[in-house]
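Residue-level listing of the chains:
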Amino acid sequence: MKKLFFMAALASMLAACDGGMNGGASSSDRERDSLRSVIDRKDEELNDLMGTFNEIQQGFDLINEAEGRVNMMRSNAENNSFAQNIRENMTFIQETLLENKRKIQELQNKLKASTISSSKLKEAISKLTTQLNEKNAELETLRAQLAEKNLVIGELDSTLNMLKDENAKIKLEQEETAAIAKNQDAQLNTAWYVFGTSKELKEQGILKKGEVLNGDYNKDYLTKIDIRKVSVIPLQSKSAELLTNHPAGSYTLLKDSKGEYTLRITDAAKFWSVSKYLVVKVK
């Protein structure tokens, strides 16, 4: 299922690329060649990502097989030959987990450096990390069960501790990356607005000689908003004039039953594309 999930994610990305080329076909050979180059590059990146993903999944398959062998031999762990085989399989599991951990990090780095941006691919990699953590837990459980039979696998101690430390580091890095992404997303969707009389705007250093100044405004005087959530701003005045530049067709000024204006943003992306500051002069 995990392979199918990842392949579906890759297929959807490639389909999007091909669809973009066909939908935007131009009579210019140069344009077609340029678009084809982009498609070929994404195709190579997807194939590379898929190859690494398959290697990781094959590693998990081999781990499952080794776990099966250990479980079969566990009841005869006191037998020297069985004990040696168990040690070899446990060492193999440990080393393969470490290799999978390295390849998952490699896969994350490849996706980050590629021209591909897909939430499905990120989700697939997250599932691999979850699978790695689950296998680590299974290994510790298996090791504890073997210890009950006095089968000590001392050579695994150092690598087990190493893997724990590395997993803790990965988790911390993921949390830091998520926090940075969340902060960046908030910044991209933050805007400020203010409305006031000509006198009020001048007193706050926002307006001079009828023009809005480009400077560091007193943000305590402005209202901070999330542009994804705020689309209606009551201006509480029968006269309203936008002093900052916002594209026509991205907003409307409507009067309510009292004759007071309300600003309604109909296309947020377009409205805030020129400036993240909105200054409205009222009377």
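Residues numbered from 1 in each chain as written. Predicted model: local features only at pLDDT ≥ 70, side-chain atom pairs only at ≥ 80, totals over all residues. Heavy atoms only, no water.

A. Here's a closer look at the packing of aromatic side chains. Scanning all chains against the criterion turns up four aromatic pairs. On the numbers, 5.4 Å between centres and 20° between planes, the contact of Trp192 with Tyr277 is stacked. With Trp192 in strand β1 (residues 190-196) and Tyr277 in strand β9 (residues 277-282), this residue pair connects regions lying 85 residues apart in the sequence. Exposure remark for Tyr277: the relative accessible area of 23% places this residue in the partly exposed category. Between Phe271 and Trp272 the ring centres are 4.9 Å apart and the planes differ by 80°, which places this aromatic pair in the edge-to-face class. (Phe/Tyr/Trp six-rings, centres within 6.5 Å; stacked < 30°, edge-to-face > 60°. Helix = DSSP H or I, 4+ residues; strand = E, 2+ residues; numbered from the N terminus. Buried < 20%, exposed > 50% of the residue type's maximum accessible area, 1.4 Å probe, protein only.)

B. Here's a closer look at the sheet that holds strand β4 (residues 223-226). Here we have four strands laid out as an open sheet, ordered β4-β1-β9-β6, and mixed in their pairing. Strands at the two margins of the open sheet, each flanked by one partner only, are β4 and β6 (240-242). In this sheet, neighbouring strand axes are inclined to one another by 30° on average, regardless of whether the strands run parallel or antiparallel. One ladder, built from four bridges, connects β1 with β4; its direction is antiparallel. Across the sheet, Ala191 pairs through a bridge with Ile225, a residue of β4. (Pairing = 2+ DSSP bridges. Axes fitted to C-alpha atoms, helices over the stretch in contact; angles between N-to-C directions.)

C. Representation of the pattern of salt bridges in the model. In total, this model carries nine salt bridges according to the counting rule given. Residue Asp226 pairs with Arg228 through a salt bridge whose shortest N-O separation is 2.8 Å. Looking at Asp226, the relative accessible area reads 19%, which means it is buried. When salt bridges with common partners are traced through the structure, they connect Glu55, Glu99, Arg102, Lys103, Glu106 and Lys110 into a single cluster. (Salt bridge = Lys/Arg side-chain N within 4 Å of Asp/Glu carboxyl O.)

D. Molecular detail of the nonpolar core. Core analysis: the biggest nonpolar cluster contains 22 residues, and Met90, Ile93, Leu107 and Leu128 have the highest contact counts within it. With eight residues, helix α2 (residues 29-73) is the largest single contributor of residues to this core. In terms of nonpolar packing, the next biggest core, distinct from the first, is built from 16 residues, Tyr193, Leu242, Tyr261 and Trp272 among them. (Core = buried A, V, L, I, M, F, W, Y, C linked by side-chain atoms within 4.5 Å.)

E. Inspection of unusual backbone geometry at higher detail. Even without being a glycine, Gln236 presents a positive backbone phi close to 55°. Among the structural elements, Gln236 can be located in the loop between β5 (232-234) and β6. Given a relative accessible area of 60%, Gln236 falls into the exposed group.

F. Region of the structure containing the environment of Ile265. Among the secondary structure elements, Ile265 is positioned in strand β8 (residues 261-265). Assessed through its relative accessible area of 6%, Ile265 is described here as buried. Along the chain, Ile265 and Ile227 lie 38 residues apart, while their C-alpha atoms are 9.5 Å from each other. Aside from chain neighbours lying at most four places away, what touches Ile265 is Val230, Ser231, Ser250, Tyr251, Phe271 and Trp272. (Contact = heavy atoms within 4.5 Å.)

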